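Listed below, chain by chain, are the residues.
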Amino acid sequence: MFQFKDVVGQEAAKQRLRLEVQEGRIAHAMLFCGPAGSGKLALALAYAHYVCCPHRSVEDACGECPTCAKWNKLAHPDLHFLFPVVKNSKKKKELCDDFLPEWRNLLLETPYFGLNRWQKELGAENGQPIIYARESDELLRKLSLKSMEGGYKVVIIWLPEKLHEVCANKLLKLLEEPPSQTLFLLVSEAPERILPTILSRTQRFDVPRIEERDMALFLRQQCGLTEVDSANIAHLANGNLINALEAMKPDADTALFFELFVSLMRLAWQRKIREMKLWSEQVAALGRERQKYFLEYCQRMVRENFIYNFHCSDMNYMTVGEENFSIRFAPYINERNVMGMMDELAQAQVHVEQNVNPRMIFFDFALKMIVLLKQ
């Protein structure tokens, strides 16, 4: 577990990381950036494991020494995690260490997951996960201690864009004057939201989408899919392994989002205002985080339906159900309204982030769809 051989595809990225260690060019702070499902977290874990293994080979950590045994269980005493959580006032949980068992269990299951999956593990789908201010003091305390194994101390920060401002500023001081033999690995999907001063003190490492052939191979060998099914899902996933894994066993949210999207477009075309009001109340009840994921889903569907009109199947990434709907719906997404729809969806996302009344957001958005669909 957590070795380069366990990372799906990304051969060029693995080789570059191995060379940096072999040549002694280990940066004290690295920022792994890339789209969702590309394997950023898996690469960061494999890299840290490779750095810490005292018996590593040219290709990978040995996987057999006592250090590797601890890494395989994520129980290495010099390995520390920071990740967004939702405060639990009843159980007095606020620090990452309070949620470490759930975090380890999810990582041991798979390092390929997103914030939505992590929130479900926490049982806090409607919360706003952040890395709280107190976390910086706890990290300072941990790093002030001597390395238990005599090697590197590793800090993996998942989604640093979720850092509380106080925590981010204290982390900046650590990055400016890092303790000896301390490795900071930041794993981000939105580096533009990180403090510029933090960005300037990290070495950026861009991780591309997983290539279709690598993903299809993984789905055949590790998931037991047929060659045809693995190829279809790999194409649908568009370089995102999280999407590929979800396509194999779609969750309830994906089905719900598709149903809500189809319902809105039909109601808007028929101008059923009363039903659209009820629709907006249904979406408002989802909770802020699920509303954001729903709006992202709508943006994807608008884009896919616009592309569908060009009859380039290799550029479309839809499930069978979505494609069946698009056969009749796609002509209504065209050059006259596609940008307007995307702009309205983006604006709705901003309003959700700003805690505007969700009933107002989604009813207003639904009304605007009437005008846009008629163009």
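Residues numbered from 1 in each chain as written. Predicted model: local features only at pLDDT ≥ 70, side-chain atom pairs only at ≥ 80, totals over all residues. Heavy atoms only, no water.

(A) Examining empty space enclosed by the protein more closely. For the structure on display, the rule yields 1 cavity of 30 Å³ or more. What lines the largest cavity is a set of 13 residues, among which K40, L41, P111, F113 and E189 lie closest to the centre. It is helix α2 (residues 40-52) that provides the largest number of residues to the lining of the largest cavity, a total of 3 residues. Tallied by class, residues from the lining of the largest cavity come to 8 nonpolar, 3 polar and 2 charged. (1 Å grid on protein atoms, 1.4 Å probe; cavity = no way out; pocket = protein on both sides within 12 Å on 5 of 7 lines; lining within 4 Å. Points joined across faces, edges and corners; volume = space filled by probe spheres on them. Helix = DSSP H or I, 4+ residues; strand = E, 2+ residues; numbered from the N terminus. Nonpolar A, V, L, I, M, F, W, Y, C, P; charged D, E, K, R; others polar.)

(B) Layout of helix α10 (residues 227-237). S230, I233, A234, H235 and A237 are the residues of α10 that are buried. Taken together, the buried residues of α10 touch α9 (212-223) and α11 (241-248). In the segment just after α10, N238 is the residue with positive phi, at about 55 degrees. (Buried < 20%, exposed > 50% of the residue type's maximum accessible area, 1.4 Å probe, protein only. Contact = heavy atoms within 4.5 Å.)

(C) Region of the structure containing the packing of α10 against α11. At a minimum axis distance of 8 Å, the contact between α10 and α11 shows a crossing angle of 130 degrees. When the axis of α10 is compared with that of α11, the two are oblique. Considering how the two elements wind past one another, α10 and α11 form a crossing that is right-handed. Residues I233, L236 and A237 of α10 pack against N243, A244, A247 and M248 of α11. (Axes fitted to C-alpha atoms, helices over the stretch in contact; angles between N-to-C directions. Parallel < 35°, antiparallel > 145°, perpendicular 65-115°, else oblique. Left-handed = near helix turned anticlockwise from the far one by under 90°.)

(D) Just the pairing of strand β2 (residues 79-82), in detail. The two faces of β2 match: L79 and F81 on one face and H80 and L82 on the other face are all buried. Here β2 pairs with strand β3 (residues 153-158) via 4 bridges, running parallel. Note on β3: the bridge partner recorded for L82 is I157. (Pairing = 2+ DSSP bridges.)

(E) Local environment of the packing of aromatic side chains. Taken as a whole, this structure holds 21 aromatic pairs when the rule is applied. What links up through ring pairs into an aromatic cluster is the set F81, F83, W103, F113, W118 and W158. One Lys or Arg, R56, reaches over the ring of Y50 and ends 5.6 Å from the middle of that ring. Here the basic side chain of K374 rests over the ring of W269, its NZ or CZ set 3.6 Å away from the ring centre. (Phe/Tyr/Trp six-rings, centres within 6.5 Å; stacked < 30°, edge-to-face > 60°. Lys NZ or Arg CZ within 6 Å of the ring centre and 35° of its normal.)

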